[in-house]
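# Fold and contact review
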There are 2 protein chains.
Amino acid sequence: MNLRIPGPTPLPPEVREALQTQMINHRGRVFGQIIGEVTEGLKHFFQTENDLLILTGSGTGVMEAAIVNTLSPGEKVLSVSIGNFGDRFASMAAKFGVDVTKLQIPAGHAAQADAVAQALDADPGITTVLVTHNETSTGTTNPLESIARVVKQRGKLLIVDGISSVGSIDLKTDEWGCDVVLSGSQKGWMVPPGLAFASVSPFAWERHAQAKLPRVYWDFSDAKRYLEHGETPWTPAVSIFFGLQVALRMMREEGREEIFARHGRVAQRCRDRAVEMGLKLFADPHHASNTVTAFYTPEGMDSRPLANMLEDEYDTVIALGQGAYTNTSLRIGHLGWVDEHDIDLTMDSLEKVLSRATAKG
Amino acid sequence: MNLRIPGPTPLPPEVREALQTQMINHRGRVFGQIIGEVTEGLKHFFQTENDLLILTGSGTGVMEAAIVNTLSPGEKVLSVSIGNFGDRFASMAAKFGVDVTKLQIPAGHAAQADAVAQALDADPGITTVLVTHNETSTGTTNPLESIARVVKQRGKLLIVDGISSVGSIDLKTDEWGCDVVLSGSQKGWMVPPGLAFASVSPFAWERHAQAKLPRVYWDFSDAKRYLEHGETPWTPAVSIFFGLQVALRMMREEGREEIFARHGRVAQRCRDRAVEMGLKLFADPHHASNTVTAFYTPEGMDSRPLANMLEDEYDTVIALGQGAYTNTSLRIGHLGWVDEHDIDLTMDSLEKVLSRATAKG
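Residues numbered from 1 in each chain as written. Chains lettered and ligands numbered in written order. Predicted model: local features only at pLDDT ≥ 70, side-chain atom pairs only at ≥ 80, totals over all residues. Heavy atoms only, no water.

## Side note on the interface of chain B and chain A
How we decide: Here, residues are in contact when the closest pair of their heavy atoms is within 4.5 Å. Buried area counts how much accessible surface, traced with a 1.4 Å probe, disappears from two parts once they are put together, with both parts' losses summed. A carboxyl oxygen of Asp or Glu within 4 Å of a side-chain nitrogen of Lys or Arg is what we treat as a salt bridge. Under the rule applied, a polar contact is a pair of N or O atoms within 3.5 Å (in protein, one hydrogen donor and one hydrogen acceptor; residues adjacent in sequence only if both atoms are side-chain atoms). Numbering of helices and strands runs from the N terminus, with a helix taken as a DSSP run of H or I at least four residues long and a strand as a DSSP run of E at least two residues long. All amino acids are sorted into three groups, where Ala, Val, Leu, Ile, Met, Phe, Trp, Tyr, Cys and Pro are nonpolar, Asp, Glu, Lys and Arg are charged, and the leftover types, Gly among them, are polar.
The interface of chain B with chain A comprises 49 residues on the first partner and 49 residues on the second. Together, B:Q22, B:M23 and B:R29 form the three largest contributors to the area buried by chain B at its contact with chain A, with a combined 15%. Between B:D312 and A:R29 there is a salt bridge, and its shortest N-O distance comes to 3.1 Å. Applying the counting rule to chain B against chain A returns 12 residue pairs in polar contact (both at pLDDT 80 or more). Looking at the side of chain B that touches chain A, the elements with two or more residues in it are helix 1 (13–19), helix 3 (59–70), helix 4 (84–95), helix 10 (238–254) and helix 12 (303–314) of chain B. Counted by class, the side of chain B that touches chain A contains 24 nonpolar, 17 polar and 8 charged residues.

Following this line, the structure appears as structure tokens:
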């Protein structure tokens, strides 16, 4: 199957082999070595010297973790949303009693640093900014470096949903001053879903010490304390660790900058092919994502039958749009284990499906 | 390796094979079929017609889920603890602002229904009872049927940690009136950690509708709503689903009662061998667990060097004790993929280690 959704992403054979490793004691020495190696590998791709914690859960789980570990009920937060996952971050924080001001950017556009600065200056009581680096629902990447600059100039805590970017798109955690950065195993990491990652800066730890939201399962302090002994507080998704160990070795071998460059090339190919086929891209071209491309379906065509035809007849799986654009847009994931050939295969099939659908229409 | 800890448990070859299946779309038709089949399989072993929800997380995660989905801050709860995992349930509820009364039973003993009834009658404001079915830290099983009877007679909500019992030890969810029953994939289910299960009765749903604790990731309503379309609200641990599908087919083939009987035989063999070797069992013999056996180390011997010797020289991994008994007790897991031969292998090796340690001492 040609699986081209923005996660779960396809597994290389080496990772699949590792996944079927027999279980071990998660409180034993072998697991301690694995979590040590994997944590160092993740830090390299997160470009950070901060603590890096591995939790068992999905990307949404680690978003919840970031909120409950750093915030208190009633605390004022600016949530920058450029799509569905930004909306989720904002509504989740609100559900936990955080006082959320939302900076809503129209779908397909990125947030600009000026707008973030303005929103922060309008309410000096805001302590924290939640921002999506790469918005999977629209295929748009925020200019995080410039956004981080205005957030840090104002001394706010910066929490970044980097779930579909870290390891695939350049995100300089320490250089840009991102306090908490999140990712999930099923994205650029080439392993199945089940693990989620959070880097935590010294400033985030200070906030954590004062944060009043209740937490047990997601508690960062427990995760840090156990990591010092090569363990996790609760039983972790051991097989995903086995896969991640192998995947990170492969990523190290390819090289961080090489991986970013490959994602850039592949994404460009995807966009070029889409435009050649007369499709209208969803994202502002200046901020088009290197891990997912969203485009509108041709006038009058519904996304679902197109996706089904692609799957049934060409064994190629792409994702429907999200939210208000579920029926009128489609999304192609190109992160993790992907090269130009995969994109050509996908776009060739899509082209055939579209021409047949047009002929039928 | 002979892995004899109370989870993660060893994986049969069929399950390992399934774990390396290539990723699929978690919002596609194939995943919908898998979650449908697996949910029905779990309900059979939970012995319930209630809703059965599958969450991505550990056993501790689903304990947190049970609390935040059914309780409100300040609500009065009776937490029955016979060991570390009972303590965890109580302290977790307290952390979320629940008003916890603890019925603490000395380690190695089971809770009696009379004591539970008395504790409930002492404070009619209590709405809910938290109880561990099988206490992994001490190898003790509570007489859940009789406890459930006194809880239900008083109209309280009954939340059962069945993490290391369901699927291995008889737990009649519906017949006994257990409102919420929890389990985790790495226990009797013969698959890796990463998924956790909760059955939810109509009475629990009523409580859920009024429960005020904030929740997003663990929300039962979202899980139920998505399950109706063959999905989960957040990206699930897909590979563990692949393994669970195969494991549940194997369990169905063996048969529920047969599995319970096998666990009974294997546990008896483990206890008999331990007693023959002159070891003192931890649990009250009337309530000894069929999934884990805990015993004291011989006078003056520390648990850790014994466990290390067993691992290094006999490739056999057993667990240390927990909490106050970490250094003075050891635990053998016998749940999931286990038979008498595995126990003989374990106890033969343990016997050699003990005799050498005695000779040295």
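## Here we look at the environment of A:L182
Residues and elements named next belong to chain A. Here L182 is to be found in strand 9 (residues 180–184). A sequence separation of 48 residues divides L182 from N134, and the C-alpha atoms of the two residues are 11 Å apart. Setting aside its immediate chain neighbours within four residues, L182 contacts F46, V62, M63, A66, F89, V160, D161, G162, I163, V166, F197 and A198.

## Some details on the environment of B:D302
All names here are of chain B. To keep things clear, this is the line we draw: In this scheme, a residue with accessible area under 20% of its type's maximum is buried, one over 50% is exposed, and one in between is partly exposed, where area comes from a 1.4 Å probe on protein chains only.
Position of D302 among the secondary structure elements: in the loop between strand 11 (292–296) and helix 12. Of the residues examined, D302 reaches a relative accessible area of 37% and is grouped as partly exposed. When the C-alpha positions of D302 and T138 are compared, they lie 17 Å apart, and in sequence the two are 164 residues distant. Once residues within four sequence positions are removed from consideration, D302 is found in contact with T297 and N327.

## Observations regarding the domain arrangement of chain A
All names here are of chain A. Put simply, the rule reads: Segment limits for the domains were obtained from an automatic or database-derived domain assignment.
Splitting chain A by domain gives domain 1 (13–252) and domain 2 (255–360). A separation of 27 Å is found between the C-alpha centroids of domain 1 and domain 2. Across the boundary between the two partners, domain 1 contributes 30 residues, which contact 22 residues of domain 2. Here domain 1 and domain 2 share an interface that buries about 2,100 Å² over both sides, 58% of which is from carbon and sulfur atoms. Among the elements of the structure, helix 2 (29–46), helix 4 (84–95), strand 6 (134–135), strand 7 (140–141) and helix 10 (238–254) are those that each provide at least two residues to the side of domain 1 that touches domain 2. Grouping the amino acids of the side of domain 1 that touches domain 2 by side-chain chemistry returns 9 nonpolar, 17 polar and 4 charged.

## With respect to the relation of the copies chain B and chain A
For clarity, the threshold we go by: We superpose the copies by least squares over the C-alpha atoms of residues that have a pLDDT of at least 70 in both of them.
At an RMSD of 0.0 Å, chain B and chain A line up after a rotation of 180 degrees and a shift of 0.0 Å along the axis. Such a combination of turn and shift is consistent with a two-fold rotation axis.

## Overview of the sheet that holds strand 3 (residues 76–81) of chain A
Residue and element names in this part refer to chain A. What counts, and what does not: Any two strands with at least two DSSP bridges between them are considered paired. Comment: axis = line fitted to C-alpha atoms, over the contacting stretch for helices; angle = value between 0 and 180 degrees taken between N-to-C directions.
One open sheet holds the 7 strands; their spatial order is 2-10-9-8-5-3-4, and the pairing between them is mixed. What marks the edges here is a single partner per strand, and that holds for strand 2 (51–56) and strand 4 (99–104). Direction aside, neighbouring strands of the sheet carry axes that sit 20 degrees apart on average. Examined bridge by bridge, strand 9 and strand 10 (residues 195–200) share 5 bridges and lie antiparallel to one another.

## Description of the nonpolar core
Here is the rule we go by: The set of buried Ala, Val, Leu, Ile, Met, Phe, Trp, Tyr and Cys residues whose side-chain atoms join them within 4.5 Å is what this entry labels a nonpolar core.
Residues A:L42, A:W189, B:L42 and B:W189 are the most contacted members of the largest nonpolar core, which totals 120 residues. Apart from residues lying up to four places away in sequence, A:W189 is in contact with A:L42, A:F45, A:F46, A:V166, A:G167, A:S183, A:G184, A:F197, A:L244, A:A247, A:L248 and A:M251. Residues A:F96, A:W234, B:V98 and B:L130 belong to the second largest nonpolar core, which totals 66 residues.

## What to know about the pattern of salt bridges
As enumerated under the stated definition, the model contains 44 salt bridges over all chains in all. Of the charged contacts, one joins A:E257 and A:R256 as a salt bridge, the two residues approaching to 3.6 Å between their closest N and O atoms. Look at A:R256 and you get partly exposed, because its relative accessible area is 21%. In this structure, B:K102 engages B:D87 in a salt bridge whose closest nitrogen and oxygen atoms are separated by 2.9 Å. Taken as a pair, B:K102 in strand 4 (residues 99–104) and B:D87 in helix 4 lie far apart in primary sequence, 15 residues in all.

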